[in-house]
Amino acid sequence: MRCSAWIVAAALAAAAAEAAQLPANTNEIKTLTVEQAKAVPADTKRGRRTVVALNGLTTLPADVAAALIKDRDGCVLQLGGLTTLSDEAAQALAKHNGSLVLDGLTTLSTETATALAQVAGDLHLNGITMLSDEAAKALGPRKGGLYVNGLTTLPDETAALLGQQSPKGSLANGHVQGGLVLPNLTMLSANAAKSLLQRKGRLVLGLTTLPEETAKALAPHTGAVCLDGLTTLSDESAKALAEYPGGLSLSGLTTLSDEAAKALRSNSRISLPEKFAR
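Since we're looking at a predicted model, the values are computed, not measured.

Colleague: Is there a simple way to explain helix α11 (residues 258–265) in this structure?
Modeller: An α-helical turn contains 3.6 residues, so a residue and the one three or four places further along point in the same direction. Ala260, Ala261, Ala263 and Leu264 are the residues of α11 that are buried. Burial along α11 is one-sided: seen end-on, the buried residues are contained in an arc of 160°. Turned more than 90 degrees off the buried face of α11, the exposed positions are Asp258 and Lys262. Looking at the buried side of α11, the elements it contacts are α10 (235–241), β11 (270–271) and α12 (274–277).

Colleague: For this particular structure, what's the right way to read the nonpolar core?
Modeller: As a rule of thumb, soluble globular proteins bury nonpolar side chains together. With 81 residues, the main nonpolar core has Leu79 and Leu250 as its most contacted residues. Per-element accounting of this core gives the leading share, five residues, to helix α3 (residues 62–69). Apart from residues lying up to four places away in sequence, Leu79 is in contact with Leu54, Asn55, Leu57, Leu60, Leu68, Leu93, Leu100, Val101 and Leu102.

Colleague: Honestly, the pattern of salt bridges in this entry has me stumped. Any pointers?
Modeller: Side chains that differ in charge, positive against negative, can pair when their charged atoms come close. Under the definition given, this model contains three salt bridges. Of the charged contacts, one joins Lys216 and Glu212 as a salt bridge, the two residues approaching to 3.1 Å between their closest N and O atoms. Of this pair, Lys216 and Glu212 are both found in helix α9 (residues 212–218), four residues apart, which corresponds to roughly one turn of the helix. The exposure class assigned to Glu212 is partly exposed, which follows from its relative accessible area of 33%. Salt-bridge contacts for Glu259 lead to Lys239; the nearest nitrogen and oxygen are separated by 2.5 Å. One end of the pair, Glu259, is in helix α11; the other, Lys239, is in helix α10, and 20 residues separate them in sequence. Glu259 sits in the partly exposed class, given a relative accessible area of 42%.

Colleague: Got a minute to help me understand the side chain of Arg199 in this structure?
Modeller: Mapped onto the elements of the fold, Arg199 is located in the loop between α8 (190–196) and β8 (203–205). Of the buried charged residues, Arg199 lacks a salt bridge, with Asp122 as the closest side chain of opposite charge at 8.1 Å. Of note is the side chain of Arg199, whose polar atom sits 2.7 Å from the backbone oxygen of Gly178.

Colleague: Please explain the layout of surface pockets as it appears in this structure.
Modeller: Unfilled space is identified by rolling a water-sized probe across the atoms. Computed from the structure, the largest pocket encloses a volume of approximately 180 Å³. Around the largest pocket sit Arg49, Gly74, Cys75, Val76, Gln78, Asn97, Gly98, Ser99, Val101, Gly121, Asp122 and His124, which together line it. Those elements giving two or more residues to the lining of the largest pocket turn out to be β3 (76–78) and β4 (99–101). Classifying every residue of the lining of the largest pocket gives three nonpolar, seven polar and two charged. Volume-wise, the second largest pocket comes out at about 150 Å³. If you trace the second largest pocket, you find ten residues lining it, with Ala117, Gln118, Pro141, Arg142 and Lys143 closest to the centre. Among the residues forming the lining of the second largest pocket, the class breakdown is six nonpolar, two polar and two charged.

Colleague: How should I be thinking about the pairing of strand β2 (residues 49–53) in this particular structure?
Modeller: Two faces belong to every sheet, and in a regular strand the side chains alternate between them. As defined by bridge partners, β2 adjoins β3 across three bridges and the pair is classed as parallel. By the bridge assignment for β3, Val52 is matched with Leu77. One crossover worth recording links β2 to the parallel β3 by way of α3, and it is right-handed.

Colleague: Got a minute to help me understand the confidence of the model for the chain in this structure?
Modeller: Interpretation of this model should avoid reading the predicted coordinates in detail wherever pLDDT is low. Here the chain averages 88 in pLDDT, while 87% of its residues score no lower than 70. This model gives residues 7–16 a pLDDT under 50, and the stretch forms one contact once residues within four places in sequence are excluded. Low pLDDT, under 50, characterises residues 169–175; the predicted model gives this stretch five contacts beyond four residues in sequence or across chains.

Colleague: I tried to follow the side chain of His96 on my own but got confused; where do I start?
Modeller: With respect to the helices, strands and loops of the structure, His96 is situated in the loop between α4 (87–93) and β4. The class for His96 is buried, based on a relative accessible area of 2%.

Colleague: Would you mind going over α3 with me for this structure?
Modeller: Along α3, the positions that sit buried rather than exposed are Val64, Ala65, Ala67, Leu68 and Ile69. Residues of α3 that are buried make contact with α2 (34–39), β3 and α4.

Cut-offs used in this document
- Residues numbered from 1 in each chain as written.
- Predicted model: local features only at pLDDT ≥ 70, side-chain atom pairs only at ≥ 80, totals over all residues.
- Heavy atoms only, no water.
- Buried < 20%, exposed > 50% of the residue type's maximum accessible area, 1.4 Å probe, protein only.
- Helix = DSSP H or I, 4+ residues; strand = E, 2+ residues; numbered from the N terminus.
- Arc of directions from axis to C-beta.
- Contact = heavy atoms within 4.5 Å.
- Core = buried A, V, L, I, M, F, W, Y, C linked by side-chain atoms within 4.5 Å.
- Salt bridge = Lys/Arg side-chain N within 4 Å of Asp/Glu carboxyl O.
- Lys, Arg positive; Asp, Glu negative; His and termini not counted.
- Polar contact = N/O pair within 3.5 Å; in protein donor to acceptor, adjacent residues only side chain to side chain.
- 1 Å grid on protein atoms, 1.4 Å probe; cavity = no way out; pocket = protein on both sides within 12 Å on 5 of 7 lines; lining within 4 Å.
- Points joined across faces, edges and corners; volume = space filled by probe spheres on them.
- Nonpolar A, V, L, I, M, F, W, Y, C, P; charged D, E, K, R; others polar.
- Pairing = 2+ DSSP bridges.
- Right-handed = clockwise from strand over helix to strand, strands pointing away.
- pLDDT = per-residue confidence, 0-100.

As structure tokens, then:
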């Protein structure tokens, strides 16, 4: 027993020594050893989230990645400074039971996308400006939320893959698929809209125009949709959206005809700017 206690005490002392070598601001860390990765402190002062912020990290060997996620269930792991990620490191991060921020990546191999799709929480890939069909196919059905702020265009074929539902039985009772957040996607065809709406989770789009055909495609969706990039709507598009059964945010509207405003006000689940909500 004494021997076991000594071993535990020695391990704790070693971890404390490793932690002492790290800067107080963990975003200043450029590289990590396996032992240092285990000792990186988490920031617990961010509401209900626990965050490990390592946005200065520029390299991530697979063994360090594995050490980083150990015993960090539910944690938000921020690795926004990484511009490359090996397939092996991605496979290690795939086991993370929390959210993962990789906003420094600008390209995504099929292998990396397939691995990262397994991350249990939200996945932030906001540096990606183009998704291959293979990457979209891997990421589409994942259970957690997907954030790709860098996407400004989305072909119909890619949208069909990105809009896949999670496999039947993979979600707990009453739970829906994680959100899809594309705030800089300014244009979307009706076919692409129909595809994205196959996902049952929250949908955030940066559309600046909304043709009637696309509005009609959005209308049947039962999940929450945010279209705050729209500043105006035609009467026809407004009437189509007025039939929307889920929560719909149109907080960016600045100009509407009386007829369009009246149509939107008829649906209490639509959030409007105050001047149109009266």
